[in-house]
Amino acid sequence: MEKQIIEISNDGFYLSLFRGFLVIENQDLQIKRNVALDNILALILSANNVKVSKNIISAICEKGGNVVFCNQAYLPCAITLPYTGHWLIAPRIKQQIDCSLPLQKNLWKNIVQHKISNQSKILEYFFPEHSNLERLKWLAKEVLSDDARNHEGQAAGIYFKSLFGKKFVRDRLNDDINIMLNYGYTVLRAMVARAVAGNGLLPYLGIKHCNKSNPLPLVDDLIEPFRAVVDKIVFEEINKLVDIDHIELTPEIKRNITKIISYPVQTEKGSVSLNDAIYDFVGSLVTSYETKRIVLRYPEI
């Protein structure tokens, strides 16, 4: 069965376990639902008052899922990482540590190139004749080692205003379109974190990100090429709204955004879900560490 994102966004829910199932209950709302633990990719807790036990968190992690704790802006405060049973953790961590600086810089160059390229594809999908398309494609092509000229930042400034309008500013704390992007990126971050842990890598050893306050720099490195998929889904949701000046993150919008898990992409194996493609992509990073050369496998979005 397809993996699921389970979000608890309202207060008053009680979570428990029963014979391999997560039981979700709210007596006031007369809700009771059972979800197989094997099918949970992530449990997102964005409500303020939810009863959840350590046994539930352990059970989800043991099945390869993770638990995401969010603040009021739908930004993740903490993400659990499922490492149970992975027998290659020690050698893979050593390969991460031993990764040379030139290889790190070229890995980051490769990631940024694909991020900007995917941004240009999404912009072209909605605005085939946009005047900034060629500029984005040029920025992707001319990225230097370690993105020394910050083409990632230049592209972001062009891309977001081209896609969402000249007045748009990407600010995680703004109460507008950014809330939808925050939610989508949180789901995506959970998917990447699961893939990092599942491949036996340490999320604390990043390729480029190295902020001391960031507990998951590798996850935030590897999420970059896939953010454009969230942008596409958010843009489609915005076009359904009557008033984009007063955006509410409704249950329907959340459900539509979480469909990113099964979003179809093309790989050398054929059409697969984005979730599976991300797992394979992180696996190709492991191969890059092992062979000391860049063999990253990106899906076509």
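Up top is the structure.
Calculation criteria
- Residues numbered from 1 in each chain as written.
- Predicted model: local features only at pLDDT ≥ 70, side-chain atom pairs only at ≥ 80, totals over all residues.
- Heavy atoms only, no water.
- Helix = DSSP H or I, 4+ residues; strand = E, 2+ residues; numbered from the N terminus.
- Rg over C-alpha atoms; globule rule 2.2 N^0.38 Å.
- Buried < 20%, exposed > 50% of the residue type's maximum accessible area, 1.4 Å probe, protein only.
- Contact = heavy atoms within 4.5 Å.
- Areas by Shrake-Rupley, 256 points an atom, 1.4 Å probe, with all protein chains shown as cover.
- Lys, Arg positive; Asp, Glu negative; His and termini not counted.
- Charge placed at Lys NZ, Arg CZ, Asp CG, Glu CD.
- Axes fitted to C-alpha atoms, helices over the stretch in contact; angles between N-to-C directions.
- Parallel < 35°, antiparallel > 145°, perpendicular 65-115°, else oblique.
- Left-handed = near helix turned anticlockwise from the far one by under 90°.
- Arc of directions from axis to C-beta.
- Salt bridge = Lys/Arg side-chain N within 4 Å of Asp/Glu carboxyl O.
- Phe/Tyr/Trp six-rings, centres within 6.5 Å; stacked < 30°, edge-to-face > 60°.

Undergrad: So what's going on with the overall build of the protein? Which residues, and what values?
TA: Tallying secondary structure elements over the protein gives 10 helices and 10 strands in all. Compactness check: the protein gives a C-alpha radius of gyration of 19 Å against a globular reference of 19 Å for 301 residues, within 12% of the reference. Its C-alpha atoms give the protein principal-axis dimensions of about 55 × 55 × 40 Å. Taken across its 301 residues, the protein has 50% of its residues classed as buried. Intrachain contacts of the protein at a sequence separation of at least 6 include 63% that bridge at least 24 residues. Surface accessibility of the protein: about 15000 Å² in total, with carbon and sulfur atoms responsible for 50%. For the protein, the centre of its 36 positive side-chain charges and the centre of its 33 negative side-chain charges are spaced 5 Å apart.

Undergrad: Before we move on, can you summarise the packing of helix α2 (residues 89-98) against helix α10 (residues 274-291) with the specific residues and values?
TA: At a minimum axis separation of 9 Å, α2 and α10 run at an interaxial angle of 65 degrees. By the criterion of interaxial angle, the relationship of α2 to α10 is roughly perpendicular. Relative to α10, the crossing made by α2 is left-handed. Contacts between α2 and α10 involve Arg-92, Gln-95 and Gln-96 from the former and Val-286, Tyr-289 and Glu-290 from the latter.

Undergrad: Can you lay out helix α4 (residues 133-141) for me, pointing to particular residues and giving the numbers?
TA: Of all the positions in α4, only Leu-133, Leu-136, Leu-139 and Ala-140 are classed as buried. End-on, the buried residues of α4 take up no more than an arc of 130 degrees, which puts them together on one face. Away from its buried face, by an angle of more than 90 degrees, α4 presents the exposed residues Glu-134 and Lys-141. Tucked inside the fold, the buried residues of α4 contact α3 (101-126) and α5 (151-164).

Undergrad: Tell me about the pattern of salt bridges, residues and numbers included.
TA: Under the criterion given, the structure shown has 14 salt bridges. Of the charged contacts in the structure, one is a salt bridge between Lys-115 and Glu-152, with a shortest N-O distance of 2.9 Å. Residue Lys-115 is located in helix α3, and its partner Glu-152 is located in helix α5; the two are separated by 37 residues in the primary sequence. Of the charged contacts in the structure, one is a salt bridge between Asp-280 and Lys-269, with a shortest N-O distance of 3.7 Å. Here the residue Asp-280 occupies a position in helix α10, and Lys-269 occupies one in the loop between β9 (264-267) and β10 (270-273), the gap between them amounting to 11 residues. Its relative accessible area of 65% is what places Lys-269 among the exposed residues. Within the structure, one salt-bridge network assembled from shared partners comprises Lys-115, Glu-152, Glu-224 and Arg-227.

Undergrad: Describe the packing of aromatic side chains, listing the residues and the values that go with them.
TA: Counting across every chain of the model gives 10 aromatic pairs. Taking the centre distance of 5.2 Å and the plane angle of 75 degrees together, the rings of Phe-226 and Phe-281 count as edge-to-face. Of the two residues, Phe-226 is situated in the loop between α7 (217-222) and α8 (227-238) and Phe-281 in helix α10; the sequence distance between them amounts to 55 residues. Of the two residues examined, Phe-226 and Phe-281, each falls in the buried class. Each member of the aromatic cluster is reached from another via a ring pair, and the members are Tyr-125, Phe-126, Phe-127, Tyr-159, Phe-160, Phe-164, Phe-168 and Phe-235.

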